[in-house]
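Now for the letters of each chain:
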Amino acid sequence: MNLNSNNPRVLGRLLEELSWVGNTIKDYREGGRGFENVLTAEVLQSLDFLPRQSFLGSVVEVSQGAIEARKKLREEIEQAEFTLLPGNFYLIPSAKLHRNGLAVQPDGIIQTPSNFVVIEAKRIKKSSFQKEQLAREFVLVMKEALLRNRQPILWLILGSETPVSVLGHGKLTPVDAIELHLESVLQRAENHDFNKSVLLEKAHEVVCWTTWKTISNVVSEQFRSLYIPDESVKACVQRLVSSIVQSIEWHS
């Protein structure tokens, strides 16, 4: 997967993603209301454009889990390379068919000098993780971070507070959801020498989460407390903040 794409192409990547949905494209006729890929593109691109320390950094700070990793991410947030809707990664890259490649489709990637972050966003309305989804994403972030000699973070953006819904398993903590299918994913994935028990010991240092509502609250509070003497710059920041708040409200 090439992570050198620039965020001005987010709309193009969203359109490419939608081109694969087939007959269900009609479900997007209301502008994609309620769909996490549209919500992610709308909110996270605006969040990327806002002053990093005050906005994205503050969202990272108030998230839960992976305390030390998030602290470092916050420190380096101005240096972050943010890639939204990066496309598929494959845990079995040698597979001749993509459907056999153990695909992982993150909603975003953040890279800093010390961190490699995989973002998984869920819709605000009721939804569930697929059975292996969190285990696959956890293995992916561990592999990619190791390859780059960086600290891994799996950052979940949720419609509501944990526990999360997992298809066929009810409500679970994110780490418990990972543990359920981690062994199966590791047995099939290529190019690693990970051990299930060793990985699980690190999970609490890697997995963190927040909610869309929290993001909306944080950016609103940060704007109210931020002194911006230039009225034109202030109006620009206000428009971006308003777009985030309004998008989250509209998709709720």
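None of these values were measured; they are calculated from a predicted model. Within each chain, residue numbers correspond to sequence positions counted from 1 in written order. Where totals are concerned, whole chains, interfaces and linings use all residues; where local detail is concerned, this predicted model gives features only for residues with pLDDT of at least 70, and gives and counts side-chain atom pairs only at 80 or more. In computing side-chain properties, one takes all heavy atoms of the structure into account and sets aside hydrogens as well as water.

Novice: Outline the overall build of the protein, listing residues and values.
Specialist: Helix and strand definitions follow DSSP, with helices as H or I runs of at least four residues and strands as E runs of at least two, each counted in order from the N terminus. Helix and strand counts for the protein stand at 9 helices and 9 strands. Radius of gyration: over C-alpha atoms. The globule rule applied is 2.2 Å multiplied by the number of residues raised to the 0.38 power. In terms of C-alpha radius of gyration, the protein reaches 18 Å, essentially the compact-globule figure of 18 Å for 252 residues. If you line up the protein on its principal axes, its C-alpha atoms span 55 × 45 × 35 Å. A simple rule labels every residue: compare its accessible area, found with a 1.4 Å probe on the protein chains alone, to the largest value its type can have, and call it buried under 20%, exposed over 50%, or partly exposed in between. When each of the 252 residues of the protein is scored for burial, the buried share is 50%. Looking at the protein alone, contacts between residues at least 24 apart form 71% of all its contacts between residues at least 6 apart. Only the protein chains shown count as covering a residue, and every accessible area follows the Shrake-Rupley method with a 1.4 Å probe. Total accessible area on the protein stands at roughly 12,700 Å², and carbon and sulfur atoms take up 49% of it. The protein carries 29 positive and 30 negative side-chain charges, and their two centres are separated by 5 Å. The criterion used for residue contact is that any of the two residues' heavy atoms lie within 4.5 Å. Positive charges come from Lys and Arg alone, negative charges from Asp and Glu alone, with His and the N- and C-terminal ends not counted. Charge placement uses NZ in Lys and CZ in Arg. For Asp and Glu, CG and CD serve respectively.

Novice: Any details on the nonpolar core? Residues and values, ideally.
Specialist: Only buried Ala, Val, Leu, Ile, Met, Phe, Trp, Tyr and Cys residues count toward a nonpolar core, and they belong to the same one when joined by side-chain atoms within 4.5 Å. One finds Leu47, Trp155, Trp212 and Ile215 to be the most contacted residues of the largest nonpolar core, which totals 40 residues. Taken together, the elements giving at least two residues each to this core come down to α2 (36–49), α3 (56–62), α4 (67–75), β1 (81–84), β5 (115–121), β6 (151–158), α8 (212–225) and α9 (231–251). When residues in this core are grouped by element, the largest group, 6 residues, is from α9. Not counting residues within four places of it along the chain, the set of residues in contact with Leu47 comprises Phe55, Leu56, Val59, Val219 and Ile244.

Novice: Go over the pattern of salt bridges, please, and point to the residues and values.
Specialist: Here the idea is simple: oppositely charged side chains can pair when their charged atoms come close. Salt bridge, as used here, is a side-chain nitrogen of Lys or Arg placed within 4 Å of a carboxyl oxygen of Asp or Glu. Inspection of every chain in the model, using the stated rule, returns 7 salt bridges. Notably, a salt bridge pairs Glu61 with Arg74, separated by 2.5 Å at the nearest N-O pair. Taken together, the residues span a long stretch of sequence, with Glu61 in helix α3 and Arg74 in helix α4 at a distance of 13 residues.

Novice: Could you give an account of the packing of α8 against α9, with specific residues and numbers?
Specialist: Only C-alpha atoms enter the line fits that serve as axes; for helices the fit covers just the stretch in contact. Angles between N-to-C directions range over 0 to 180 degrees. At a closest axis distance of 9 Å, the pairing of α8 and α9 adopts a crossing angle of 160 degrees. Taken together, the axis directions place α8 and α9 in an arrangement best described as roughly antiparallel. The element α8 and its partner α9 pack so that their crossing is left-handed. Residue-level contacts link Trp212, Ile215, Ser216, Val219, Ser220 and Phe223 of α8 to Lys234, Val237, Gln238, Val241, Ile244, Val245 and Ile248 of α9. Looking at the contact of α8 with α9 residue by residue, the class counts come to 9 nonpolar, 3 polar and 1 charged. Roughly parallel means an angle under 35 degrees; roughly antiparallel, over 145; roughly perpendicular, 65 to 115; everything else is oblique. By the definition used in this description, the sense in which the near helix is turned from the far one sets the handedness, with an anticlockwise turn below a right angle giving left-handed and a clockwise turn giving right-handed. Three categories are distinguished: nonpolar for Ala, Val, Leu, Ile, Met, Phe, Trp, Tyr, Cys and Pro, charged for Asp, Glu, Lys and Arg, and polar for the others, with Gly belonging to the last.

Novice: Please provide a residue-by-residue account of the packing of aromatic side chains, values included.
Specialist: Classification of ring pairs uses Phe, Tyr and Trp, with its six-membered ring standing for Trp, and accepts pairs whose centres are within 6.5 Å; under 30 degrees between planes counts as stacked, over 60 as edge-to-face, and the remaining range as tilted. Under the counting rule described, the total for this entry stands at 0 aromatic pairs. The rule for a charge over a ring is simple: NZ of Lys or CZ of Arg within 6 Å of the ring centre, and within 35 degrees of the ring normal. The ring of Phe129 carries the charged tip of Lys122 above its face, separated from the ring centre by 4.7 Å.

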